[in-house]
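This is what each chain is made of:
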Amino acid sequence: MARLPRLAIAGHLHHVLQRGGHGQPICRDAEDYQALLEALLTASRQHKVAVHGYVLLADHFHLLLTPETDTALPLMMQALGRQYVRHFNQRYDRRGTLWEGRFKSTVLQDTHWLAAATFLDSHPLRTHGGPLAPEYPWSSHGHYTGAKADRLITPHPAYWALGNTPFAREAAYQAAVQEGLNPAQNGELTDAVTHGWALGSAEFVAELQKNTPRRLARKAAGRPISTEKKK
């Protein structure tokens, strides 16, 4: 079966996933994590992609982004790869690609931003048994809770709706992350970014479908209805 083209639509929230090839590490220490953040900052500004959230792990990373044009996202990821892979290969005297094929992405309805941000913040603990979100240094969690000012982050509009003051927004965000997501929500977000299905209401997906010939939702399960008469 031919693989679906990556989903990238201007002005919409995207969830992006990139893994290291064969489960190999893409970051070995703090210097690598910092180099990856710098490459992301340069590439996102160059290609006009707003970064709303991120989490970097040893063997993969997740991003929440809004590109200004349909081509901005793939161009940003290409530039990010060139800069960071060059750093990694030179530092560790290696050659070739670092990634497990092409990156994965999907479009999310804006109402899913907080759930997606929670998904990213809880990812180190959920998948790697790592520290809680406030203690993990390589995510955007600290920016949204007021612990640090992250020049990479452009807050998503949905963040401003969390409260009328910075303190109220930070407290509401922190409370959402502490509460976490249920297994169904985690599974829904994982399935969407892995397979490239748009995530949102039926109306949102239908409206989005008008902007792209690419199929945005999984085909309905079940066997085709036979038109033959029973004998």
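Below you will find a few notes about this structure. (Residues numbered from 1 in each chain as written. Predicted model: local features only at pLDDT ≥ 70, side-chain atom pairs only at ≥ 80, totals over all residues. Heavy atoms only, no water.)

## Side note on the sheet that holds strand S4 (residues 104–108)
Argument step 1. The 4 strands lie next to each other as S2-S3-S1-S4, forming an open sheet whose pairing is antiparallel. Sheet topology places strand S2 (49–56) and S4 at the edges, where each strand pairs with a single neighbour. Between one strand axis and the next, the sheet turns by 20° as a mean value, whatever way the strands run.
Argument step 2. In this structure, strand S1 (residues 13–19) lies alongside S4, joined through 5 bridges in antiparallel fashion. From the neighbouring strand, His15 faces S4, where its bridge partner is Thr106.
Argument step 3. Helix H1 (residues 30–46) contacts S2 and strand S3 (60–67) of the sheet and is inclined by roughly 165° relative to S2. (Pairing = 2+ DSSP bridges. Helix = DSSP H or I, 4+ residues; strand = E, 2+ residues; numbered from the N terminus. Axes fitted to C-alpha atoms, helices over the stretch in contact; angles between N-to-C directions. Contact = heavy atoms within 4.5 Å.)

## Looking at the nonpolar core
Argument step 1. Counting residues in hydrophobic clusters, the biggest one holds 53 residues, and the most contacted among them are Phe61, Leu63, Met76, Met77 and Tyr84.
Argument step 2. Residue assignment for this core shows that the elements contributing at least two residues are S1, H1, S2, S3, helix H2 (72–92), helix H3 (113–121), helix H7 (166–179) and helix H8 (183–195).
Argument step 3. The element best represented in this core is H2, accounting for 9 residues.
Argument step 4. With near-sequence residues (within four places) excluded, Tyr84 lies in contact with Ile26, Cys27, Asp32, Ala35, Leu36, Ala39, Leu98 and Trp99.
Argument step 5. Formed by 8 residues, the second largest nonpolar core is a distinct cluster that contains Leu7, Val107, Ala198 and Leu216. (Core = buried A, V, L, I, M, F, W, Y, C linked by side-chain atoms within 4.5 Å. Buried < 20%, exposed > 50% of the residue type's maximum accessible area, 1.4 Å probe, protein only.)

## A look at the pattern of salt bridges
Argument step 1. Overall, the coordinates contain 5 salt bridges when judged by the stated rule.
Argument step 2. The partner of Glu38 in a salt bridge is Arg151, and the shortest N-O contact between them spans 2.7 Å. A residue pair is termed long-range when its members are at least 10 positions apart, and Glu38 in helix H1 and Arg151 in the loop between helix H5 (141–145) and helix H6 (157–160) qualify at 113 residues.
Argument step 3. Here Glu38 falls in the partly exposed class, since its relative accessible area comes to 29%.
Argument step 4. Among the residues examined, Arg151 registers a relative accessible area of 53% and is labelled exposed.
Argument step 5. In this structure, the salt-bridge partner of Lys210 is Glu207, at a minimum N-O distance of 3.1 Å.
Argument step 6. What makes Glu207 partly exposed here is its relative accessible area of 46%.
Argument step 7. Linked by salt bridges that have partners in common, Asp29, Glu31, Asp32 and Arg91 make up one network. (Salt bridge = Lys/Arg side-chain N within 4 Å of Asp/Glu carboxyl O.)

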